[in-house]
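Remarks on the overall topology
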Amino acid sequence: MTQSNRISTGGRIDRSHGLEFNFNGQSYQGYAGDTLASALLANGVDIVNRSFKYSRARGIVAAGAEEPNALVQLGARKDTQVPNVRSTQQALYDGLVARSTNGWPNVQRDVMSWVGKLGGNFMPPGFYYKTFMSPASMWMTYEKYIRMGAGLGRAPTESDPDIYDHMHHHCDVLVIGAGPAGLAAALSAARGGARVILCDEQEEMGGSLLDSRETLDGTSPVAWIEKTISELASMATVTLLPRTTANGYHDHNFVTLHERRTEHLADTASDAGFPGQARARLHRVRATRVVLASGTHERPVVYANNDLPGNMVAGAVSTYIRRYAVVPGNSLVLTTSNDHAYRAALDWQEAGRKVVAIVDARANPDGDLVRQARDSGIRVITGSAVIEAKGTQRVSGARVSAVDLDHFVVTGRIEDLECDTIASSGGYSPVVHLSSHTGTRPKWHEDMLGFLPGDVKDMISTGGVAGHYALGETLADGARAGRQAAIDSGFENAEELKLPDIKERRDGPSCALYQAPHEKQGLRAPKQFVDMQNDVTASAIELATREGFESIEHVKRYTALGFGTDQGKLGNINGMAIAARCLGRSIPEVGTTVFRPNYTPITFGAIVGRHCDEFFDPKRYTALHQWHVENGAEFEDVGLWKRPWYFPRNANGKKENMHDAVARECLAVREGVGILDASTLGKIDIQGPDAREFLGRVYTNKWAKLEPGRVRYGLMCKDDGMLMDDGTTSCLGDNHFLMTTTTGGAAAVLEWLELWHQTEWPELQVYFNSVTDHWATMTVTGPDARKLMSEVTDIDLDREKFKFMDWKEGNVAGIPARVFRISFTGELAYEINVQANYAMHVWKTLFEHGEKYNLTPYGTETMHVLRAEKGLIIVGQDTDGSVTPEDLGMHWAIGYDKPFHWIGKRALSRPDTMRGDRKQLVGLKPKDASIVLEEGAQIVLDPNESIPMTMMGHVTSSYYSPSLKGSFALAVLKNGRERMGETVYLPMSDGKTHEAEVVSTIFIDPKGERQNV
Amino acid sequence: MFYIFCPYCKEHREEEEFHPRGQAHLMRPEDPENTSDEEWGDYLFFRDNPRGIHHEMWVHSVGCRKFFNITRNTVTYEILETYPMGEQPTITAESEGVRLEQGAQVADGGWQTVGARPENKALNEEASS
């Protein structure tokens, strides 16, 4: 293949540096400086994609971020795939591999296009919903096939080999866009002394100057660009970020910049010669002032078949010719509403190819460029527009007619012009997207025929986006904006910038041309595309308005206008104009939709940065973790903690399963002695003269008389009376308490205590500190616990001197320890707390002495079974934020007669919490003891009731108990305590119904004697 | 993402360091025993959802752990002031109302569609005039 459309001179490409690339399986050549799009055009590749809904052949339309069609799947390997890359924004590199995102079996011969052709007229907006409405149950089946036919990019299936990172900046002035306005603004602000970040999404800074026909100081603008950039680069206060898209503008002048660092060089950073470096970087910038210099997007004109390959926006034609030395065709027809677009025809002619005609919608165009075109012998047809493109795989002609835009009709004889390219320009849309991210609505300016950014606090818009289209005006406005931004951010001495000389050009006024009329009306005309990425046509918008969608937001959702990665860059204003025409309103009355981040797609890699794996999801380990690992523990995640779940043993070369391991561990605790690492329990150290008073207010039960050396179980409610946490609190001294919380609730409880102290009771002298990580906790429990403990501690363990719910200080294994006689198993238990650093020594010492007692380590699963056998709740498992202490049958832990109005008390006398039919905690004993009920299973009273059945409650905890030799469960059940002995039913999704008897929540040792021995 | 001035640390920090804790200046009834169910229900469950000036409580949860209040415009998301617990805001909906009469800029936004609703049309005309 030869580069048939390449011109031999000019452009900003390096002809000495040829590059090979592969598109849709075929090899091509291009040059350094090309984008993938310019290289494809140079090689005469017309069809680059198939459209999303109708599978129509599509070519390259634009030259930048606004390109709707030329999306590719980039990447040579499975692990380097990037979907939906705009080929207009992808620099060419040697060995680049890309495929069209849509088209099967390929873009040249596409199966779905027949559906599009045959069904095109029958696929109005809402087609899928309307057609595949019924039966509703079949939708899932239809959808599978519909999705196969549609196609966007494919996600990579293998892990990304590259790394990404984030950088945080604070700057005085962030300038977005390095076109003429942005460069002038950055230079102006930087000279004033401000710290400036200048970012630009393109390969090269310079923006519209890079393909301009105009001169600065009598020479090519490129010289001025180079001079400006080199001055900026020399300043320590300036950061230049090329290939960096400002993709989101968030609250309080927070802007995210997506910098592509190696994507213009190779598939991966390693391939590019930068192993170990970030492929892309997300800059998180907090700027005192933002200067928005994002420029404009040219609007194409909507006419019939305007999506055929060979239809382009006029400015893109100039860009390809002047910047990339590519003429994307042989013979051109230009249809325009303004002077500026004339340069496309002039550039085309100067490149040595034929300009068939310029079709101008205005009656009497007479600007400098118009005169120049006429002088060059180009035919100018006035008062007319291209109303239809002819052709099948590419444009072969243009149908041109005089038009009356006020009445939207074709007025004259239709002339057929032969050509292979139609360039169109309906004017310019300021790129207001970023300003709109802030929630500020753009404002319509009738004189500009476009939306300009609304007022965003601490932002100045400048240049094209602010409605300044002439180069001289743009430069002056940029300089002004930069100086203002510097002054606003504290650099009051910023001076005015001396600007280069520009030869002023006189442009005539533009006219409003969004859609060209056709001699056939509405759906009878060939398709006129408004949004090519989403295949939205003018007639679809017309239909939407006829069906009653009057708000542009509704039109958008009904037709998909402005959806997807495109975000309405080319189509939105045209779509609004068409809706406005159909509704007989003005464009501002129809309104604009809100553009959302991101401006162009950003890779997940850049969003994630280094926040992968443990930096995303940190893990917490106890001081004993290594022992658990060495002893074969299986782990369970509890909050961020890794807790031993159970400790399977290896016997006869076989690993115990969970059921057997848990059964063994349970029996060890009930019959001998077991040990649990309970270090993850939240621990809060509470001190101060009012600590006791404070506890009385946040717990439901009484604390006034708890003596030093004693421990009490407490319930904590929210002020709505619902249980939020539980745990024991020990009195360490009159002004000193140690509170324990659930593992998952530790941080929330600490914040809860702070909340009430700081906002309601600041007069109380009390201080809170988290000591969860400071102490390791080991629970030694079982009938042999005392015997084992007596071997390792100097604490007097006499049952009269160290009673249940006492705590003592002493040494354990020679280490200072606090030992608490509290029990979550119902057995005799000692909870040993030592400074975490000494925990391993104490733990190992316990095992040395424990061997003769068959000391058995147990995990959370066994802990759950043992506590459930005793009817001890776990907050968050047996409760769910709608359960009061009364519902749990914990009347004994509620101090209704406490003097202060503690949190939750008032709510316990609300009518709802006093209802007679509240769900109450009960035990369930399945009639078939071999069946472990499903947690979450619903309880009904009448198994034969038809669906929907009356649901009376549900199972909250359910296990097999080796001690009971059968299954058991805890459940919440309406009026549960009045239903003791009744039979309830649990219908399951597999059609089976289980039977269970309502019993007490305490299954073992109802009198609580074992823990008191 | 907000940029929040902590009135205790006396510096601006990123929103990631803070947690919002809902409406500020909620008074727990002094005498709950003699508070009607309805009043208690209001205190527990009912919150303002103003379009415009709102006073919110936040906590510098991974900073100084202090609770404080923010006066924020729920339309523009502008934070107008932050102040410690126990203090009253200097900027309120009422004081902003006064500013409006004096010709200060009206915060617009809220509805996503310009002109789709009659009240927005009025807003629009106001904005363009």
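Residues numbered from 1 in each chain as written. Chains lettered and ligands numbered in written order. Predicted model: local features only at pLDDT ≥ 70, side-chain atom pairs only at ≥ 80, totals over all residues. Heavy atoms only, no water.

1. Structural notes on the overall build of chain B
Within chain B, the secondary structure is distributed over three helices and six strands. For chain B, the α and β elements follow one another from N to C terminus as β-β-β-α-β-β-β-α-α. Partitioning the contacts of chain B with sequence separation of at least 6, the portion at a separation of at least 24 is 48%. Carbon together with sulfur atoms contributes 49% to the accessible area of chain B, which is approximately 7600 Å² in total. (Helix = DSSP H or I, 4+ residues; strand = E, 2+ residues; numbered from the N terminus. Contact = heavy atoms within 4.5 Å. Areas by Shrake-Rupley, 256 points an atom, 1.4 Å probe, with all protein chains shown as cover.)

2. Quick notes on the interface of chain B and chain A
By a widespread convention, an interface's size corresponds to the accessible area lost as its parts come together. Each partner contributes residues to the interface: chain B has 42 residues there, and chain A has 48 residues. When the two sides are added together, the surface that chain B and chain A hide from each other amounts to roughly 3600 Å², 47% of it contributed by carbon and sulfur. Viewed at the interface, chain A and chain B are joined by eight salt bridges. With a closest N to O distance of 2.9 Å, A:E754 and B:R65 form a salt bridge. (Buried area = accessible area lost by both parts, 1.4 Å probe. Salt bridge = Lys/Arg side-chain N within 4 Å of Asp/Glu carboxyl O.)

3. Side note on the UniProt feature "domain: SoxA A3" (unreviewed entry) in chain A
When the UniProt feature table is mapped onto this chain, "domain: SoxA A3" (unreviewed entry) is found at residues 526-607 of chain A. Span residues 526-607 of chain A is 45% helix and 6% strand, its end C-alpha atoms 42 Å apart. (UniProt positions renumbered as here; feature names shortened; annotations may be inferred.)

4. Focus: the sheet that holds strand β46 (residues 938-939) of chain A
All names here are of chain A. What the six strands build is an open sheet, ordered β46-β47-β48-β45-β50-β49; its pairing is antiparallel. Of all strands in the sheet, those bounded by a partner on one side alone are β46 and β49 (983-987). As judged from the four bridges shared by strand β45 (residues 919-926) and strand β50 (residues 993-999), these two strands associate in the antiparallel manner. Counterpart to P926 in the pairing with β50 is A996. Strand contacts of helix α24 (residues 860-869): β47 (953-961) and β48 (966-974), with the helix running at about 110° to β47, the strand carrying the most contacts. (Pairing = 2+ DSSP bridges. Axes fitted to C-alpha atoms, helices over the stretch in contact; angles between N-to-C directions.)

5. Observations concerning the domain arrangement of chain A
On domain assignment, one finds that chain A holds domain 1 (164-293 + 470-488), domain 2 (521-590) and domain 3 (914-1012). Using only C-alpha atoms to locate each centre, domain 1 of chain A and domain 2 of chain A end up separated by 34 Å. (Domains from an automatic or database assignment.)

6. Re the sheet that holds strand β38 (residues 736-741) of chain A
Residues and elements named next belong to chain A. Strand order in the open sheet formed by five strands is β36-β37-β38-β35-β39, with antiparallel pairing between adjacent strands. Both outer strands of the open sheet, β36 (711-717) and β39 (767-770), are each paired with one neighbouring strand and no more. Looking at each pair of strands side by side, their axes are set apart by 30° on average, direction ignored. Most of the contacts of helix α20 (residues 691-698) go to β38, to which it runs at about 30°, and overall it touches β35 (682-687), β36, β37 (723-733), β38 and β39. Sheet strands touched by helix α21 (residues 746-759): β35, β36, β37, β38 and β39. Its angle to β35, the strand with the most contacts, is close to 25°.

7. Let's talk about the pattern of salt bridges
Evaluated as defined, the whole model comprises 73 salt bridges over all chains. Between B:E78 and A:K457 there is a salt bridge, with its nearest N and O atoms 3.8 Å apart. Within this pair, whereas B:E78 is found in the loop between β5 (67-73) and β6 (79-84), its partner A:K457 is found in the loop between β26 (450-452) and β27 (459-461), the two belonging to separate chains. Assessed through its relative accessible area of 27%, B:E78 is described here as partly exposed. Owing to a relative accessible area of 49%, A:K457 belongs among the partly exposed residues under this scheme. Two residues, A:D796 and A:K801, come together in a salt bridge whose shortest N-O distance is 3.5 Å. Within the structure, one salt-bridge network assembled from shared partners comprises A:R289, A:K457, A:D458, A:D488 and B:E78. (Buried < 20%, exposed > 50% of the residue type's maximum accessible area, 1.4 Å probe, protein only.)

8. So, the UniProt feature "domain: Aminomethyltransferase C-terminal" (unreviewed entry) in chain A
The UniProt record marks residues 919-1005 of chain A with the feature "domain: Aminomethyltransferase C-terminal" (unreviewed entry), using the residue numbering of this structure. Annotated as residues 919-1005 of chain A, this span is 0% helix and 46% strand, and its ends, taken at the C-alpha atoms, are 25 Å apart.

9. As for the packing of aromatic side chains
Residue and element names in this part refer to chain A. Per the counting criterion, the structure on display carries 27 aromatic pairs over all chains. Summarising the aromatic geometry, the rings of F694 and F768 are spaced 4.9 Å apart at their centres and angled 55° between planes, so their arrangement reads as tilted. Here F768 lies in strand β39 and F694 lies in helix α20, a separation of 74 residues in the sequence. Ring plane angle 25° and centroid distance 4.8 Å describe the contact between Y699 and W703, whose orientation is recorded as stacked. Using a relative accessible area of 1% as the deciding quantity, one classes Y699 as buried. Taken together, F694, W752, W756, W761, F768 and F900 form an aromatic cluster joined through their ring pairs. (Phe/Tyr/Trp six-rings, centres within 6.5 Å; stacked < 30°, edge-to-face > 60°.)

10. So, α24(A)
Residue and element names in this part refer to chain A. Taking burial as the measure, the ten residues of α24 include ten buried ones, the bulk of the element. Those residues of α24 not exposed but buried are T860, E861, T862, M863, H864, V865, L866, R867, A868 and E869. Directly after α24, the chain includes G871, whose backbone phi takes a positive value near 70°.

11. Side note on the environment of A:H611
Mapped onto the fold, A:H611 is located in the loop between α16 (604-608) and α17 (613-616). In this view, A:H611 contacts A:H166 and A:F616; residues no more than four positions away in its chain are not counted.

12. Describing the side chain of A:T438
Residue and element names in this part refer to chain A. Its location among the elements puts T438 in the loop between α10 (433-437) and β25 (443-445). Within polar-contact distance, the side chain of T438 engages the backbone oxygen of S435 at 2.6 Å. Of the polar contacts made by the side chain of T438, one reaches the side chain of T440; its length is 2.9 Å. Setting aside anything within four residues of it in sequence, one finds T438 in contact with Y249 and V456. (Polar contact = N/O pair within 3.5 Å; in protein donor to acceptor, adjacent residues only side chain to side chain.)

13. Describing the pairing of strand β1 (residues 3-6) of chain B
Residues and elements named next belong to chain B. Because side chains alternate across β1, one face comprises the buried residues I4 and C6, and the other comprises Y3 and F5, none of which is buried. When β1 meets strand β2 (residues 11-14), the two strands line up antiparallel, connected through four bridges. Each residue of the ladder has a partner; that of C6, found in β2, is E11. Linking β1 back to β2 in an antiparallel pair, the connection comprises four residues, with K10 at a positive phi of about 60°.

14. Notes on the nonpolar core
Residues A:F21, A:F23 and A:Y320 are the most contacted members of the largest nonpolar core, which totals 61 residues. Not counting residues within four places of it along the chain, the set of residues in contact with A:Y320 comprises A:A37, A:S38, A:L41, A:I60, A:A62, A:A63, A:T88, A:M312, A:A325 and A:V326. (Core = buried A, V, L, I, M, F, W, Y, C linked by side-chain atoms within 4.5 Å.)

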